[in-house]
Amino acid sequence: MSAFWQIFRRSVLQLARRPIYWVGIFLLPLFCFLLLADLMSDGLPVKAPAAIIDNDGSPLSRQVSQQLAGMQMVDVVATPHSFTQARHLMQEGKIYGYFLIPENFEANLLSGRAPEITFYTNMTYYVPASLLYKTFKTTALYTKAGVASDVISSAGFTENPTAMLMPININVRGLGNPGLNYAYYLCVSFMPCVLQLMIVLITCFSLGQEVKYGSSKRLMQLAGGSIVRAVSAKLMPQTLIWWVIALFLESWMFGWQGYPMHGSWWWMTLSELMFVLACQGFGLLIYSALPNLRLSLSVGALVGILSFSIAAFSFPVQSMYGAIAITSYIVPTRYNFLIYIDQALNGIDIYYSRWWYVAYIIFMVAPLPLLPRLRKAMLNPVYVP
Amino acid sequence: MKKFFRQYYHALIQEFRLVKGDPGVLIFLILLPLAYPLVYSLIYNPELVRDVQLVVVDNDRTPMSRELVRRIDAAQGAWVIGYAANLGEAKRAMNEHDAYGILEIPEGFERRVGLNEQAQAVMYCEMSLLLRYRGLLVSATDVMQDFGATITTRRIDHIAPLAETISSGDLMPVNNIQMGNIEGGFDSFVMPGILMLILQQSLLLAVSMCGGAKRQDPRKASFTPLSAERSSLIATMGGQTTVYLIMMIVPVIYIVHYVPLIFRFPMAGDTLQEFLFIVPFVLSSVGLGFVLQGIVRERESIFVIWVVTSVVFLFLSGLTWPRYAITGFWRVLADAVPGTWGVEGFIRMNTNGASLAQVSVEYRNLWILATIYLTAGYLVQRFVQRPDIEAAARRLENDSATKS
C-alpha cells in the first residue's frame, strides 16, 4: 500500500472513531439545514398580530376595520380603545403594529375636512413591521381611493377615476423572486455559510489534534517527509465527505425545496465542489499561519461567525463602510453567494461570474506558501494550551 | 455552616485563579463581549440602504419622462447611474453587477398623462438582497404618489367645485409612524438582540471551557478532590457562579449601556430595570454552562460543537424570523433557550421602552429556565463532572506515586 493510501486509511479511521467528527460533520450541519428550511417553509411569516383602534365607530370605519382584518398578512388580535392601550400592547409584545381611525372620521371625510389615518409599526421587529406596513398602507389607500372616486363621480366628473387618482403607475417587478420568499435569501446564503464554518473548524481541529497529541511526527514519517502528501492525504477523506454533504445541500435546496434554479445545474455543482475545496484551503491557511489548536480554532470560529454578517447576505456591501466592505471578499462563502445569485437566481451567462470561480482557486492555493511553516510545526509538535 | 462558607470561599478563590490564568476563558469572558459588539455594529452601522444603482431605458424622451427620472434619482433609495438605449443594454449593466434595477418608460408616457389615462412605467429589480429591493420599491412608490398628486392637483384645478376640497391638500392623509427603532435602521434593529446572544454565548463557552480545563487538570477543581471532608456541591457551584457573576458585571454594563450609546441605538428603557432583567438571564446561561460541562471532554472540542449554535439561537430567538411564525418542535426548542427570552425582553425594553412589568412573561420564563438549568447543572456536576474530576485526580496521584 502506498504512503498516500496508508495516511488516507489512517485518517478515515480517525474520523470514524471520534464522535465529535460525527457531530461536527453530519449532525450539526444537517440540523441547521433542517431548522432553516423548515422554519421558512412558508416563505413569509403571514398573520402578524396587530390591532385596530376605531375611535369613530361609523359604518365607514367599521368597513375599513373589516377590510383590514381580511388581509392575508395580518391577524387582528385586539381592538383597544385608546392609543395608550395599543402602545402598551405593543410594549408587551402582543401586537407588532396598530391602525388608528380617528374620531368623526366618516363625517370629516365626507365633508372634506381631511381626517388623518395613522398607522404605527414596531420597527424593533423588522420583518413583521415591514409586512404590516405594506398591509396597512394598502388598506388606507384603498379606502381613500374608494371615497375619492365617489366624490369625483358625484361631482360630475365621468372619466376614468383610477387615472384621475393615480395618473402614474410604476409597476415594480422582482426578477426571480416575485413572491418575496424569504427562504430564497436566507437559506441559500446561511446554509453554505454554516458549511464553511464547519469545514474550517474541522480542518483546523483535525490538523491540530495531530500536533496536540504528537502524532504528527508519525504522519510526517508515513508521508516520507512530504508535507504536501501528508496534508492532502490527511484531508482527502474529509473532502469526499464534504462533497457529498455539499451536493446533498444543493439538491435539497434547489431540488426538493424548490429554491430558484434559473441557470445551469452544472455550474452550481461545480461551484459547490470548488467551494468545499476553497473552505478547506481557507482552514488550512488559518492553521498553517497559526499552528496551535486553540488559536486556530478561535480564529476560525471568529471568521466563521463574522462571515454571516460580512459576507453581506442581508446588508449590501455597497452600503457598508469601505474598510469593512473589503473584508467581505476574504471569505469563500461570499463567492458561493455571488455565484448563486448569478447562476441560480438570475440565470445569467457564466461569463459574468468568471471571477468568482477564480476566487475559489485563490483560496485553494493560498495556503501553499505557508506549508513549510506547517511542516515545521508537524515535525516538532508542541501543545500550547 | 461555617464549613459551608469555607468551601464556598475556597471554590470562589479557586475559580478566580482558574479564570485569571486561562487565556481561553478570559477571551470568552472579556474579549468576546467587548470586541464582538463593536465589530458587528460597525458592519451594520450605516443603518440604511441608500442610492441603489438604477439604469433607465427611456423610450418616451419627453419632459414628463425626464421629470419622472429626476424624481426617482432624488429619492433616498435610488440612484440613476445612466441611460441605456434598450432593455438589452440595461440588462447587460445588471449582469455586470453595475446596476440592481431597470426603469423602463414606454413610448407615449407623457401623451397618456395628457389624455387623462394612466401612464405606466415598469421597474425591474434584481432580487439578490431584500434591502436593495426595498430601497427601490419605496422610492418608486413615493415618487408614484408624489408625482401623481402633482398631476392630479393640476387636473383638478380645472374642475372648479371640488378644487378646494382636494387640491388644497390631501383628501385623507395617510401617515406611518415607526415605533421603537424610529429611523428604521438595520443596525438599531438587529444589534440589541445580537448583544443578548453574545452575552449568552460568551457565558456558555466560558463556563463549559472551565469545566474542560478541570477535567484535564484536577488540581484546578473548585473543591479538594479526594479529601476526607466531603465538600458541599452547592457551596462549590455557588462559589463558581459568584465568580461568573462578578466577571460579567463590566461586560453587562458595557453591553447594556455603552454599546447602544456609542452607536446611537434606541435607548428607551430604564437602565436599572434592564439590569434586573439581565440577572436571571445570566443565571440561566451559567446553569446551561454547567450542564454543558457534562459533554465537554476536551477544551477545544467546545469550538467545534458550540460555535454554530449561535446561528441556531439567532433564528430561534425570533429576531430575524418572528416568534409567531415559529411553531411546533422549533417553538419548544426556542422556549428552552435563555437567549430567546433574553432577546425578546431586552429589545422591547431597550427599543420600545417597555418596563420590567411589561416583559413579565419573559422575566418569569427566565427565572424558570434559571431554576431548571441550575438544577440540571447540579445533577450533571454531581453525577458526571465530579466523578470524572475525582477519577482524574486519582490517576494523577497514582502517577506521582509510581514516579516517586
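Being a predicted model, the structure only gives us computed values, none of them experimental.

Moving on to the interface of chain B and chain A. Put simply, an interface is often sized by how much accessible area is lost when its parts join up. Contacts between the two partners involve 111 residues from chain B and, on the opposite side, 121 residues from chain A. Roughly 10,700 Å² is buried in total at the junction of chain B and chain A, and carbon and sulfur atoms are behind 67% of that figure. On the surface where chain B and chain A come into contact, there are zero salt bridges. With 15 residues, helix H6 (residues 130-156) of chain B is the largest single contributor of residues to the side of chain B that touches chain A.

Looking now at the domain arrangement of chain A. Annotation of chain A at the domain level lists domain 1 (3-41 + 182-379) and domain 2 (48-165). Inter-centroid distance (C-alpha atoms) of domain 1 of chain A to domain 2 of chain A is 50 Å.

Let us look at the nonpolar core. Counting 243 residues, the largest nonpolar core has Ile 170 and Tyr 340 of chain A together with Leu 103 and Met 123 of chain B as the members making the most contacts within it. Tallying contributions element by element places helix H8 (residues 183-212) of chain A first for this core, with 21 residues. Here Leu 103 of chain B is in contact with Ile 170 of chain A together with Leu 54, Val 55, Val 56, Val 57, Val 69, Ile 72, Ala 121, Val 122 and Met 123 of chain B, once residues within four sequence places are set aside. With 11 residues, the next largest nonpolar core counts Ile 53, Ala 78 and Ile 95 of chain A together with Met 179 of chain B among its residues.

With respect to topology, five strands assemble into an open sheet ordered S5(A)-S4(B)-S3(B)-S1(B)-S2(B), the strand pairing being mixed. Strand pairing shows two members of the sheet lacking a second neighbour, strand S5 (168-175) of chain A together with strand S2 (78-83) of chain B, which therefore form its edges. Mean inter-strand twist for the sheet, computed between neighbouring axes without regard to direction, equals 25°. Note that S5 of chain A and strand S4 (residues 119-126) of chain B share eight bridges and pair parallel. Bridging across to S4 of chain B, Val 172 of chain A finds its partner in Met 123 of chain B.

This part is about the domain arrangement of chain B. Examined at the domain level, chain B breaks down into domain 1 (2-45 + 185-403) and domain 2 (52-167). If you average the C-alpha positions of domain 1 of chain B and of domain 2 of chain B, the two centres end up 53 Å apart.

Spatial strand order, S2(A)-S1(A)-S3(A)-S4(A)-S5(B): five strands in an open sheet with mixed pairing. Each edge of the open sheet carries a strand with a single partner, namely strand S2 (74-78) of chain A together with strand S5 (174-179) of chain B. The average undirected angle you get between the axes of adjacent strands in this sheet is 25°. As paired elements, strand S4 (residues 117-122) of chain A and S5 of chain B share six bridges and run parallel to each other. Residue pairing across strands places Phe 119 of chain A opposite Asn 176 of chain B, the latter belonging to S5 of chain B.

For an α-helix, 3.6 residues make a turn, and residues three or four places apart therefore share a direction. Residues and elements named next belong to chain A. In this model, helix H1 (residues 3-17) (15 residues) spans 21 Å end to end at C-alpha, consistent with the 21 Å of a helix rising 1.5 Å per residue. Those residues of H1 that sit buried are Ile 7, Phe 8, Arg 10, Ser 11 and Leu 15. Considered in projection along H1, the buried side chains sweep an arc of 165° and stay on one side of the axis. Relative to its buried face, H1 has exposed residues pointing more than 90 degrees away, namely Arg 9 and Arg 17.

A full pass over the atoms with the stated rule returns 48 aromatic pairs over all chains. Taking the centre distance of 6.4 Å and the plane angle of 80° together, the rings of Tyr 182 of chain A and Tyr 185 of chain A count as edge-to-face. As far as the burial class goes, Tyr 182 of chain A and Tyr 185 of chain A line up, both buried. Pairing Tyr 184 of chain A with Tyr 259 of chain A gives two aromatic rings, centres 5.8 Å apart and planes at 65°, and the pair type is edge-to-face. Within this pair, whereas Tyr 184 of chain A is found in helix H8, its partner Tyr 259 of chain A is found in the loop between helix H10 (227-256) and helix H11 (265-289), the two being separated by 75 residues in sequence. Taking relative accessible area as the criterion, Tyr 184 of chain A reaches 19% and is therefore assigned buried. It is Arg 334 of chain A that lies over the ring of Tyr 329 of chain A; its NZ or CZ is 5.3 Å from the centre. Above the ring of Tyr 100 of chain B, the side-chain terminus of Arg 132 of chain B is found at 3.6 Å from the ring centroid.

Moving on, we get to the packing of H1 of chain A against helix H2 (residues 19-39) of chain A. All names here are of chain A. The geometry of H1 relative to H2 is characterised by a closest axis approach of 5 Å and an angle of 85° between their N-to-C directions. By the angle class used here, H1 and H2 are roughly perpendicular. Contacts between H1 and H2 involve Gln 14, Leu 15, Ala 16 and Arg 17 from the former and Pro 19, Tyr 21, Trp 22 and Ile 25 from the latter. Partitioning the contact of H1 with H2 into residue classes produces six nonpolar, one polar and one charged.

Residue and element names in this part refer to chain A. Its place among the elements puts Val 64 in helix H3 (residues 59-69). For the pair Val 64 and Ala 366, spaced 302 residues apart in sequence, the C-alpha separation works out to 62 Å. Not counting residues within four places of it along the chain, the set of residues in contact with Val 64 comprises Phe 99, Ile 101, Thr 139 and Thr 143.

Turning to H2 of chain A, a few remarks are in order. Across its 21 residues, H2 of chain A extends 28 Å between first and last C-alpha, which sits within 8% of the 30 Å expected from 1.5 Å per residue. Approximately 30° is the largest bend angle found in H2 of chain A, and it occurs at Leu 27 of chain A, with the proline Pro 29 of chain A only one to four residues beyond. Along H2 of chain A, the residues classified as buried are Ile 20, Tyr 21, Gly 24, Ile 25, Leu 28, Pro 29, Cys 32, Phe 33, Leu 35, Leu 36, Ala 37 and Leu 39 of chain A. Tucked into the core, H2 of chain A has its buried residues touching H1, H8 and H10 of chain A together with helix H11 (301-306), helix H12 (309-316) and helix H13 (328-335) of chain B.

Bringing the pairing of strand S3 (residues 101-105) of chain B into the picture now. Residue and element names in this part refer to chain B. Within S3, five of the five residues are buried, leaving the element largely enclosed by the surrounding structure. A two-sided burial pattern is seen for S3, the buried positions comprising Gly 101, Leu 103 and Ile 105 on one face and Ile 102 and Glu 104 on the other. Where strand S1 (residues 52-58) lies against S3, four bridges are found, and the strand directions are parallel. The residue of S3 that forms the bridge with Val 57 is Glu 104. Summarising the sheet, S3 and S4 pair through four bridges and their orientation is antiparallel. What sits directly across from Glu 104, in S4, is Val 122.

Residue and element names in this part refer to chain A. Two numbers describe how H10 lies on helix H16 (residues 371-379): the axes approach to 10 Å, and their chain directions differ by 85°. Between H10 and H16, the crossing angle belongs to the class labelled roughly perpendicular. Seen from H10, the contacting residues are Ile 227, Val 228 and Val 231; seen from H16, they are Leu 371, Leu 374, Arg 375 and Met 378. Grouping the amino acids of the contact of H10 with H16 by side-chain chemistry returns six nonpolar, no polar and one charged.

What counts as what
- In this convention, every chain numbers its residues from 1, walking through the sequence in written order.
- Both sets of labels track the order of writing: A upward for chains, 1 upward for ligands.
- The model is predicted, so local features are restricted to residues of pLDDT at least 70 and side-chain atom pairs to those at 80 or more, both for listing and for counting; the totals for chains, interfaces and linings are taken over all residues.
- To obtain the side-chain values, all non-hydrogen atoms of the structure were used and water was disregarded.
- Contacts are residue-level and defined by heavy atoms, with any inter-residue pair within 4.5 Å sufficient.
- Summed over both partners, the accessible surface that disappears when two parts come together, traced with a 1.4 Å probe, is what is meant by buried area.
- A carboxyl oxygen of Asp or Glu within 4 Å of a side-chain nitrogen of Lys or Arg is what we treat as a salt bridge.
- The helix count covers DSSP runs of H or I at least four residues long, the strand count covers runs of E at least two residues long, and both are numbered beginning at the N terminus.
- Those domain boundaries reflect an automatic or database domain assignment.
- Nine residue types can take part in a nonpolar core, namely buried Ala, Val, Leu, Ile, Met, Phe, Trp, Tyr and Cys, and a core is a set of them joined through side-chain atoms within 4.5 Å.
- Partly exposed residues are those whose accessible area sits between 20% and 50% of the maximum for their type, while under 20% is buried and over 50% is exposed, using a 1.4 Å probe and protein chains only.
- DSSP bridges decide pairing: two strands pair if at least two such bridges lie between them.
- Here an axis means a line fitted to C-alpha atoms, over the contact stretch when the element is a helix, while the angle between two N-to-C directions is reported on a 0 to 180 degree scale.
- Any helix carries an expected span of 1.5 Å times its number of residues minus one.
- Regarding the arc, it is the one traced by the directions from the helix axis to the C-beta atoms.
- Two aromatic rings from Phe, Tyr or Trp, using only the six-membered ring of Trp, form a pair when their centres are within 6.5 Å; if the ring planes differ by under 30 degrees the pair is stacked, by over 60 it is edge-to-face, and anything between is tilted.
- By definition here, charges over rings are those cases where NZ of Lys or CZ of Arg is within 6 Å of the ring centre and within 35 degrees of the ring normal.
- Angles are sorted into four bins: roughly parallel if under 35 degrees, roughly antiparallel if over 145, roughly perpendicular if 65 to 115, and oblique for all others.
- Three residue categories are used. Nonpolar comprises Ala, Val, Leu, Ile, Met, Phe, Trp, Tyr, Cys and Pro, charged comprises Asp, Glu, Lys and Arg, and polar comprises the others, including Gly.
- Working definition for bend: take the seven residues up to and ending at a residue and the seven starting at it, fit an axis to each, and measure the angle between the axes.

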